[in-house]
Amino acid sequence: MAVAEAQLYAKVSNKHRGRSTSALLEPLLAKGFPAHIAQKALVATGQKTTEDAVKWLHSHCNDPSLDDPIPQEYALYLCPTGRLHSRLQEFWKESKRQCGKNRAHEVFPHITLCDFFPCEDQKVELLYDVLKRVGDRFSQSFPASISLTLHASPSYLGFFIDDSQANILKEFAVAFSSEASALADCHVKTSLKQFHLTLAHRFYPHHQKTLEQLAKCINPREPCQWVAALYSRDMRFVHYQRLRALFQYKPQNIDELMINAGDLIYVDPRQQSDVSEGWVVGTSHRTGCRGFLPENYTERAHEADTWVRHREYVFDTASRSITKAEKEPNVKLNGEAHNLSVSRSVTNVVSLQNAALQRGVLVMHHGERVDQIFGKSWLQQCLTADGKYCRADLNFPSTLPRRKDSMKQFENDPPLSCCGIFQSRLIGEALLDQEVTVSHVYSSPALCCVQTAQHVLQGLKLNPKVGIRVEPGLFEWTKWEASKGIPNFMTVAELVEASYDIDTSYRGNFPLSSLVPSESYEDYVSRSSAVIKHIISACPSKGRGVILIVGHGSSLAPLTRALTGLPDRDSRDFAQMVQKIPSLGMCFCEEQKEENKWQMVNPPVKTLTHGANAAFNWRNTIMED
């Protein structure tokens, strides 16, 4: 047993265990489920219906922790509903689109009344009773409307509650805490911080201005009914990451995890160091089972996605509210008043900001290379006795482009596989469907990058209207080429002869001779920063087209972070990050002309995901006994 889990057992092992009188429990006991497991199922589903609990029990039939006495943790939140909640959700969505994810996106809009505390399964109903009783007692004194004042700092943005109203909320929280602690035999603490509703937290300082502009569009006097809600979470996975399955995966081996689309997975980052590249080990929230699963079948989920909502108390203040719909409200930002129109919303600001967008930069990892599938000796597999190329598998290219020097140079500068060509064209077609206008294309001198750019342009139906500018400065971190040196790339003349649409008038900012083996991480980041600045300055700022840059897995972070003003990634986790970038992985940056800055947003097309397809030998597979 892990030390952490042993400590959790110790918290509950010596407590008195009462008997539940829940009407939901009896049908489960009648079906033969043990009382402690039936109570766990009810708690895990929010004690809503017997049917939900039975479904949970069937899903967790192979859960190795089903008998564990570890309780859930509970928290009491005050949550807005109605139009104010809708405005806050608009802010959540737009702030994530424009500035990327921050800590506030992990949870829904709320005011914390009582922080998370453990409570045994059979005593959870007592919490419900306390919430109802205390809510009734405060129903008449609860504020008819809560006055919210906007405060901002370089790492925090949110609404604070006026003192007089905060005192009433504090009294309500203290009353719940005292009675719940006494009746349910658990230690409930009220929030020690000043009551607040967080809008953004732990964001990059240069996003503060954008976030403030979006926040000023929220009218805090929008009609709102406040609800005190009790939430629970699994205390074993508090510090884990959450992933959401995008596709179904059926295990191929006994140690793999069965997942369905939409499943939530708990993943401990500390346990991933020994896992094979492209895989993670995690625990299913739906089944409780643990195993390996392909990482590219998932996306990051929010912390609150795995929480369970239990009971709530609605404060009905409508009869005591004063209608002010015709008045022009004021929002205070750090004490300074700003007039806002009720009809104004986040969408209005978004449209104004979009009007100021001038250009976009799409940085793309090249498509699948032959050596990634067939290994470093791929060329030997395709050479006949007389030295001619003949593909040994349908995923090898049918032919190789002609080059003046030895064919062996392809070993260090491999081409795309046939699947890589298809991937690239598919991305181009998707960009065409989204009506993305590509005005300029830059490529690393690596053959796989030039080919990716060529086939993306084919998918966009832009051949030969837009020429590919071969920029040596876009080649990957040369430290990873230390064992074999800088490859001998095909020349521009050879690429043109091979029918690639190359812009022959372009002269690279970094000559090939400037690439040195084993450059330091700092030198590589500096080179990437200089290249992106050169590319931006070389492309007319009056145009609204997208600049396509095709590079390597190592290209995405240095180029986009330099463009958006983000600090460099730590060199210690750079390699691990690059390994997670799949073929045709991409990042997209938009220019905000009025603010003279770039920001990273969602790419204009969806990701491309597919499974492995191993080599098949019919004789060994079908004919063997």
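Structure shown above.
Reference entry: report on the structure contained in this document. For clarity, every value in this text was computed on a predicted model and none was experimentally measured.

Thoughts on the overall build of the protein chain
Then, number 1: Assigned secondary structure in the protein chain consists of 18 helices and 20 strands.
Then, number 2: Going through the 625 residues of the protein chain one by one, you find that 51% of them count as buried.
Then, number 3: Nonlocal contacts in the protein chain, meaning residues at least 24 apart in sequence, comprise 76% of its contacts between residues at least 6 apart.
Then, number 4: In the structure as shown, the protein chain presents an accessible area of about 30700 Å², 51% of it carried by carbon and sulfur atoms.

A few points about the pattern of salt bridges
Then, number 1: Scanning the entire structure with this criterion turns up 27 salt bridges.
Then, number 2: Between Arg244 and Asp305 there is a salt bridge; the shortest N-O distance is 2.8 Å. Residue Arg244 is located in strand β7 (residues 241-245), and its partner Asp305 is located in the loop between β11 (298-300) and β12 (308-314); the two are separated by 61 residues in the primary sequence.
Then, number 3: Overall, Arg244 belongs to the partly exposed group, its relative accessible area being 25%.
Then, number 4: A salt bridge links Arg286 to Asp263; the shortest N-O distance between them is 2.9 Å. Residue Arg286 is located in the loop between β9 (279-284) and β10 (290-294), and its partner Asp263 is located in the loop between β7 and β8 (264-267); the two are separated by 23 residues in the primary sequence.
Then, number 5: With relative accessibility at 29%, the residue Arg286 sits in the partly exposed group.
Then, number 6: A relative accessible area of 6% means that Asp263 is categorised as buried.
Then, number 7: Members of the salt-bridge network, linked through shared partners, are Glu73, Arg103, Arg233 and Glu303.

A few points about helix α3 (residues 35-44)
Since the α-helix advances by 3.6 residues per turn, residues separated by three or four positions end up pointing in the same direction.
Then, number 1: Burial analysis of α3 places eight of its ten residues in the buried class, which makes it a mostly covered element.
Then, number 2: Check the buried side of α3 and you find it contacts α2 (25-30), α4 (50-59), β1 (72-80), α6 (124-138), β6 (226-234) and β12.
Then, number 3: Once α3 finishes, Gly46 follows within two positions and takes phi at roughly 75 degrees, a positive value.

Focus: the environment of Thr298
Then, number 1: Position of Thr298 relative to the elements: it lies in strand β11.
Then, number 2: Residue class for Thr298 comes out buried when judged on its relative accessible area of 12%.
Then, number 3: Once the C-alpha coordinates of Thr298 and Arg244 are considered, the two residues, 54 residues apart in sequence, prove to be 5.3 Å apart.
Then, number 4: Excluding residues within four positions of it along the chain, Thr298 makes contact with Leu243, Arg244, Ala245, Leu246 and Leu293.
Then, number 5: A polar contact is formed between the side chain of Thr298 and the backbone oxygen of Glu295, at a distance of 2.7 Å.

Observations regarding the nonpolar core
Then, number 1: Membership of the largest hydrophobic core comes to 54 residues, with the highest contact counts inside it found for Leu78, Leu157, Phe176 and Leu199.
Then, number 2: Not counting residues within four places of it along the chain, the set of residues in contact with Leu78 comprises His110, Ile111, Leu113, Phe142, Ile146, Leu169, Trp226, Val227, Ala228 and Phe315.
Then, number 3: With 46 residues, the next largest nonpolar core counts Ile427, Ala453, Leu462 and Ile502 among its residues.

Overview of the side chain of Thr560
Then, number 1: Mapped onto the elements, Thr560 comes out in helix α16 (residues 556-564).
Then, number 2: Taking the relative accessible area as the measure of exposure, Thr560 reaches 2% and is therefore buried.
Then, number 3: One polar contact links the side chain of Thr560 to the main-chain carbonyl oxygen of Leu556, over a distance of 2.6 Å.
Then, number 4: Leaving out residues up to four positions away in the same chain, Thr560 has contacts with Val363, Cys587, Cys589 and Met600.

As for the packing of α6 against helix α7 (residues 163-183)
Then, number 1: The geometry of α6 relative to α7 is characterised by a closest axis approach of 9 Å and an angle of 145 degrees between their N-to-C directions. Note on packing geometry: the crossing formed by α6 with α7 is right-handed. Facing α6, whose interface residues are Leu126, Leu127, Val130, Leu131, Arg133, Val134, Gly135, Arg137 and Phe138, α7 presents Ile168, Glu171, Phe172, Ala175, Phe176, Glu179, Ala180 and Leu183.
Then, number 2: In the contact of α6 with α7, the residues fall into twelve nonpolar, one polar and four charged.

Remarks on the packing of helix α5 (residues 83-99) against helix α8 (residues 208-215)
A packed helix pair is summarised by two numbers, namely the angle formed by the two axes and the spacing between the axes.
Then, number 1: Taken N-terminus to C-terminus, the directions of α5 and α8 make an angle of 155 degrees; their axes are 10 Å apart at the nearest point. In terms of their interaxial angle, α5 and α8 are classed as roughly antiparallel. Considering only the axes of α5 and α8, their crossing is right-handed. Only Thr210, Leu211, Leu214 and Ala215 of α8 make contact with α5, whose side of the interface consists of Phe91, Glu94, Ser95, Gln98 and Cys99.
Then, number 2: Per-class residue counts for the contact of α5 with α8 are five nonpolar, three polar and one charged.

Overview of the side chain of Asp234
Then, number 1: The residue Asp234 is located in strand β6 in this model.
Then, number 2: Its relative accessible area of 14% is what places Asp234 among the buried residues.
Then, number 3: The residues touching Asp234, leaving out its near neighbours within four places in the chain, are Gln72 and Tyr266.

Focus on the sheet that holds β11
Then, number 1: One open sheet accounts for five strands, arranged β10-β9-β8-β7-β11; its pairing is antiparallel. Each edge of the open sheet carries a strand with a single partner, namely β10 and β11. Shown here is a sheet whose adjacent strand axes are inclined to one another by a mean of 45 degrees, direction ignored.

Considerations on α4
Then, number 1: Along α4, the positions that sit buried rather than exposed are Thr50, Ala53, Val54, Trp56 and Leu57. Buried residues of α4, viewed axially, fall in a sector of 160 degrees; they line one side. Turned more than 90 degrees from where α4 packs its buried face, Glu51, Lys55 and His58 sit exposed.
Then, number 2: Elements in contact with the buried residues of α4: α2 and α3.

A word on a nonpolar patch on the surface
Then, number 1: A cluster of nonpolar side chains, contributed by Phe616, Trp618, Ile622 and Met623, occupies part of the molecular surface with about 510 Å² of accessible area.
Then, number 2: As for its position among the elements, Met623 is in helix α18 (residues 618-623).

Side note on unusual backbone geometry
Then, number 1: In this structure, Pro464 follows Asn463 across a cis peptide bond, with omega equal to -10 degrees.
Then, number 2: Its place among the elements puts Pro464 in the loop between α13 (447-460) and β17 (468-470).
Then, number 3: With phi around 55 degrees, Asp185 is a residue other than glycine that occupies positive phi space.
Then, number 4: The residue Asp185 is located in the loop between α7 and β5 (196-201) in this model.
Then, number 5: Residues other than glycine seldom take positive phi values, yet Ser499 does so here, at roughly 75 degrees.
Then, number 6: Looking at where Ser499 falls in the secondary structure, it is placed in the loop between α14 (492-497) and α15 (521-538).

Description of the packing of aromatic side chains
Then, number 1: The tally for this structure, following the rule as stated, stands at 31 aromatic pairs.
Then, number 2: Ring centres of Phe475 and Phe489 lie 5.1 Å apart, and the angle between their planes is 70 degrees; on these two criteria the pair is classed as edge-to-face. With Phe475 in the loop between β17 and α14 and Phe489 in the loop between β17 and α14, this residue pair connects regions lying 14 residues apart in the sequence.
Then, number 3: Residues Trp477 and Phe574 carry aromatic rings whose centres are separated by 5.9 Å and whose planes lie at 70 degrees to one another, so their mutual orientation is edge-to-face. With Trp477 in the loop between β17 and α14 and Phe574 in helix α17 (residues 574-579), this pair connects stretches of sequence that are 97 residues apart.
Then, number 4: Ring-pair connections join several aromatic residues into one group, and the members of that group are Tyr77, Phe108, Phe116, Tyr231 and Trp307.
Then, number 5: Across the ring face of Phe116, the terminal group of Arg233 is positioned such that the distance to the ring centre comes to 3.7 Å.
Then, number 6: Note that Arg403 overlies the ring of Phe410, its terminal NZ or CZ placed 5.1 Å from the centroid.

Rules used throughout
- Residues numbered from 1 in each chain as written.
- Predicted model: local features only at pLDDT ≥ 70, side-chain atom pairs only at ≥ 80, totals over all residues.
- Heavy atoms only, no water.
- Helix = DSSP H or I, 4+ residues; strand = E, 2+ residues; numbered from the N terminus.
- Buried < 20%, exposed > 50% of the residue type's maximum accessible area, 1.4 Å probe, protein only.
- Contact = heavy atoms within 4.5 Å.
- Areas by Shrake-Rupley, 256 points an atom, 1.4 Å probe, with all protein chains shown as cover.
- Salt bridge = Lys/Arg side-chain N within 4 Å of Asp/Glu carboxyl O.
- Polar contact = N/O pair within 3.5 Å; in protein donor to acceptor, adjacent residues only side chain to side chain.
- Core = buried A, V, L, I, M, F, W, Y, C linked by side-chain atoms within 4.5 Å.
- Axes fitted to C-alpha atoms, helices over the stretch in contact; angles between N-to-C directions.
- Left-handed = near helix turned anticlockwise from the far one by under 90°.
- Nonpolar A, V, L, I, M, F, W, Y, C, P; charged D, E, K, R; others polar.
- Parallel < 35°, antiparallel > 145°, perpendicular 65-115°, else oblique.
- Pairing = 2+ DSSP bridges.
- Arc of directions from axis to C-beta.
- Patch = residues over 30% accessible without salt bridge, like charges linked within 9 Å, V, L, I, M, F, W, Y side chains within 5 Å.
- Phe/Tyr/Trp six-rings, centres within 6.5 Å; stacked < 30°, edge-to-face > 60°.
- Lys NZ or Arg CZ within 6 Å of the ring centre and 35° of its normal.

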